[in-house]
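# Working through the structure, step by step
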Amino acid sequence: MLFRNFLTVFASKRLTKLVTFTSVIPRYQAMSTVNQAQIKHCLSNDEIVKSEGDDREYRALELTNGMRVFLISDPNTDKSSAAMDVYVGHMKDPKDIPGLAHFCEHMLFLGTKKYPEENEYTKFLNEHAGASNAFTSNEHTNYFFDVGPEYLNGALDRFAQFFLEPLFTATATEREINAVNSENDKNLQNDSWRIYQLEKSLSNPSHDYNKFGTGNKHTLETRSKQLGYDVREELLKFHDQYYSANLMSLTILGKENLDQLSEMVVPLFSGVDNLDLSIPEWTEHPYGPEQLGNMCYVTPVKDIRNLNITWSIPDLHNYYKTNPGHYLGHLIGHEGKGSLLSELKARGWVNTLAGGQQAGARGFMFFIVNVDLTEEGLEHVDDIITLTYQYLNMLKNEGPREWIFKECADLGRMQFRFKDKERPRSYTSAISGILQDYPMNEVLCAHYLQTDYKPELITMVLDKLLPSKMRVSVIAKKFEGQTDKKEEWYGTDYNIKKIPDEKIKMWETCGVSDKLSLPEINEFIPTNFELVPRETEQSSVPRMIKDSGMARLWFKQDNTFKLPKAFANFELTSPLAYLDPLHANMAVMFVQLFKDALNEYAYNAEIAGLKYNFNSTAYGVALSVKGYNDKLDVLLMRVLEKMVTFEIDPKRYDIIKELYGRSLRNFDAEQPHQHAVYFTNVVMSEQLWTQEELLDSLQEVSLEKLKLFIPQLFSKMYIEGLVYGNVTRKSSLAMCEMLEGILREKVGTRELLPSQRRRLREIQLPDGCYYVYQKTNGVHKSSSIEIYYQVGQQKTNTNMLLELFVQIISEPCFNVLRTKEQLGYIVFSGIRRQSGVQGLRVIVQSDKPPQYVEGRIEAFLDSMKETLKDMKEEEFQKHVSALSIKRLEKPKKMSTEYANYTSEIVSQQYNFDRDNVEVSFLKTVTKDDLFNFYQDNIAESAPRRHKLSVHILSTAPKPQGDGDATDTAAATDTTAADNSEEAGTLLQPTIVEDVNAFKRDMGLFPLAKPYIDLQKALSKL
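Not measured: the values here are computed from a predicted model.

Rules used in this analysis
Residues numbered from 1 in each chain as written. Predicted model: local features only at pLDDT ≥ 70, side-chain atom pairs only at ≥ 80, totals over all residues. Heavy atoms only, no water. Buried < 20%, exposed > 50% of the residue type's maximum accessible area, 1.4 Å probe, protein only. Helix = DSSP H or I, 4+ residues; strand = E, 2+ residues; numbered from the N terminus. Core = buried A, V, L, I, M, F, W, Y, C linked by side-chain atoms within 4.5 Å. Contact = heavy atoms within 4.5 Å. Expected span 1.5 Å × (residues − 1). Polar contact = N/O pair within 3.5 Å; in protein donor to acceptor, adjacent residues only side chain to side chain. Salt bridge = Lys/Arg side-chain N within 4 Å of Asp/Glu carboxyl O. Phe/Tyr/Trp six-rings, centres within 6.5 Å; stacked < 30°, edge-to-face > 60°.

## Observations regarding helix 4 (residues 152-160)
Helix 4 sits mainly inside the fold: eight of its nine residues count as buried. Listed in full, the buried residues belonging to helix 4 are L152, G154, A155, L156, D157, R158, F159 and A160.

## Re the nonpolar core
Most often, soluble globular proteins keep nonpolar side chains buried together rather than apart. Judged by nonpolar contacts, the single largest core of 87 residues is most densely connected at F570, L572, F590, F594, Y612, F614 and L706. A total of 13 residues in this core trace back to one element, the largest contributor, which is helix 18 (residues 581-607). Residues contacting F614, with those up to four places away along its chain left out, are F590, V591, F594, K595, V621, A622, L623 and M643. I39, Y143, F163 and A172 belong to the second-largest nonpolar core, a separate cluster that totals 56 residues.

## Topic: the side chain of D74
Take D74: it is sitting in the loop between strand 3 (68-73) and strand 4 (80-86). Accessibility expressed as a relative area gives 5% for D74, which makes it buried.

## A short note on helix 9 (residues 258-269)
Between its terminal C-alpha atoms helix 9 stretches 16 Å, which fits the 16 Å expected from twelve residues at 1.5 Å a residue. Counting buried positions along helix 9 gives nine out of twelve residues, so the element sits mostly inside the fold. Within the sequence span of helix 9, burial applies to L258, D259, L261, S262, M264, V265, V266, L268 and F269. The N-cap residue of helix 9 is N257: its side-chain oxygen and the backbone nitrogen of D259 are 3.1 Å apart.

## So, the environment of F876
Note that F876 resides in helix 27 (residues 873-888). Owing to a relative accessible area of 0%, F876 belongs among the buried residues under this scheme. Placed 749 residues apart in sequence, F876 and E127 show a C-alpha to C-alpha distance of 9.3 Å. Beyond its immediate sequence surroundings of up to four residues, F876 is in contact with L804, I808, M871, V925, T926, K927 and L930.

## With respect to the pattern of salt bridges
Note on pairing: side chains with opposite charge can pair once their charged atoms come close. Within this structure, the stated rule accounts for 61 salt bridges. The residue E858 makes a salt bridge to R945 at a minimum N-O spacing of 2.7 Å. Within this pair, whereas E858 is found in helix 26 (residues 850-870), its partner R945 is found in the loop between helix 30 (927-937) and strand 27 (946-954), the two being separated by 87 residues in sequence. Looking at R945, the relative accessible area reads 6%, which means it is buried. For the salt bridge of D936 with R944, the shortest nitrogen-to-oxygen distance reads 3.2 Å. Assessed through its relative accessible area of 25%, D936 is described here as partly exposed.

## A short note on the packing of aromatic side chains
Two numbers describe a pair of aromatic rings. These are the distance of the centres and the angle of the planes. As enumerated under the stated definition, the model contains 54 aromatic pairs in all. Ring centres of F238 and Y242 lie 5.1 Å apart, and the angle between their planes is 55 degrees; on these two criteria the pair is classed as tilted. Here F238 and its partner Y242 are both found in helix 8 (residues 231-242), four residues apart, which amounts to about one turn of the helix. Pair check on accessibility: F238 and Y242 agree, each one buried.

As structure tokens, then:
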């Protein structure tokens, strides 16, 4: 695949040039003379390149203090948003205080001179349907929020203070160090973070890229004090030194017109000081002669096997109109016939490949080829590198091809022309991060449009990909116990060796392979972008257009987005797919083998905007296709034909089985909070085969059994599907009938009996119960807890009472448990819904024992009694309004609308107009209704309280190298805090020792009733 950065927090958004404005400031009648005086340059809506379907209006400003501002007027938006990108990241951390930039990001949320309360900003947003977040990368810090449209001005006022007068109070500073430390702890056993930091740590020690960006308690408190630093003073210095207006880019999206947005924004942000700083740039690459030509052997936490090849290349952002890195990534990462991946898979050495340019920082970039190795591939690392250079040599011999560039350009232009609207918060964050990358008039299009074919640039990059200039990392459990070095911050074990000259010479003279070639012309690129004829009978929600013993089909023609795209999803029900762990494993194996075999064919479709997906479920298998509707039915037909004639490749069977087994074993290394969620599902589900059960039965799977299983799986089925988008009723029926016909004719599929279409249900906890289920995690030093307060079946009234309760507690829960009590970085309160049953869930990952954390959660929920009782009607109505705005927020993308409809069909609730139906009820809810709901279901003495607490206890030794001074000795001691007054008083729980025995004594909830009358829907066919 074409490589894209997977660590979003470190996906640096670089600035490559200052923008030159040529237009003069228009005279805005609605804008005051004072505000006009604060604007240095302006670009109008007509000067900004946007996609033809984009109905928003834009304006770009440069204020006199040097700040760049991008205004977006969208009268139809149901959320307003803003984002500020500051051109400073952790590469500017003081050498003695790693993590300071990231710590500064945390601290800006905790009070300003104008709004000194620590939670004022988040409280305001929560009360007005908003939310916020931020991230720190190599060279950027990005802050963003969304809010109900009527409250943009108030949110902006609070937001602007981050950059004017933050407090950095001593008490908040001391506490928030623990949050940063907890965030770092969360990542210590994550292989992606470990390998990323190892790559950085192996760079030139004097280069800023070498730094540790997250920070922890040791770097921000213990060591900084030892070195004589006051970290609060250093925060103030850092903010004063780097938070300069000329290094800031602001994006605002609101319902207001552009003049009104200008009038709102300019006074708030023109006061930010301009220190006239130079944009940071690193002209020297972080990997010099000493760091190149090395082979690094790394021991991972999970059982993974990867080969990573990296070359140093120049910063290519100035060449965005040619995008030579993308051209090469398109070819090297290709997965079709003649590709590098195709040949490596044919030899049984790799499973996946990602290739392309990788962000570094302003002044330098990387080019990478990363592959996932098979067991055999691990023994052929040198051969894989040889094939890689043979592919590069083939590209050099062939030279740049204009038709390939034009194909990439056409795909980019098509994507830009028919792009969906983004969610406001994502949109403003992304734009603010690239505002200084490109000329202001091209900010919206620069990532999509390639207009200048310059083969010499492609050749220039290709010539940098030399054996003598590469670095190689091989990551595998095989190296456990064979390493002699440990990375400082994550404790990653590794070896590093210079690649022998004879190997470099071998790769320099390896020639070409006749198995490798350029891709063929992509026949899946759509040519027809017309909208289909409108149906005479329009419906605002999906309607049933087919119902038989074999299939039920729902159809919805899009009349909102008006894009030439469509989506189709078919759930193929077979009770054999989840009959027992053996059958569940065989269903997974079949799906993975089929997708693996079809990859070469489907890849061209994928890069042309057509995708299929095929997954196993607890009820059978699910097949979906999506993308441009022009050739969607063709893709579906080809996938179906290949599916029913599929023959297993024995060599790939062995590889995929081994890969699947490793994925099951690697579950042990997932985060403790993920384990808490998983084991809650295990306890509460009528039937869920555990990872352990699946792994135990995997040895029973054989090639012969799998070959017999596939026709059995298809022997009897029931299909329920949805077709949505730029489609007609007739074409939708044709797709379903094609699916049904191929199954009947090719594999003799017959109808499944109605009694065999059963759905799994949820355990019904008895009134007044309190159960605890405990498991251990031996990988991570943190423990975790999920408390589930089961409320009952999903119904309109209960749904809204529960959602309103969660709306009210979400901000104070985070503020109390995370910000004030510092229980851990991960603190979440929300709703758990499964099998038509729902309840309140609270999840915390912490170094403190779960029993202690549970006491603090209970103490918090107990405090909500007085909060609800004393809440003023005005504040209550704010929360009702905020929840209404959130629920009525319209989907910005067709994929979101499609996912909502699909969810209703899969759950068999069919409440396609759920948001409007439930918000109508929400507006009738009174404060007394909510208080009674709390008293009946959540309060400690509630008569209908149903509580399950899942504890994940850490048994892991403290990892070396993290520099954290936190004592975790008590983390595995469940009695350590049992009698602590601080923990709160807990009733004695019933311990769940045996999950199966527990379930035998429990009843099951009935399934949620369909919202619509299916018989009535049938009568309309």
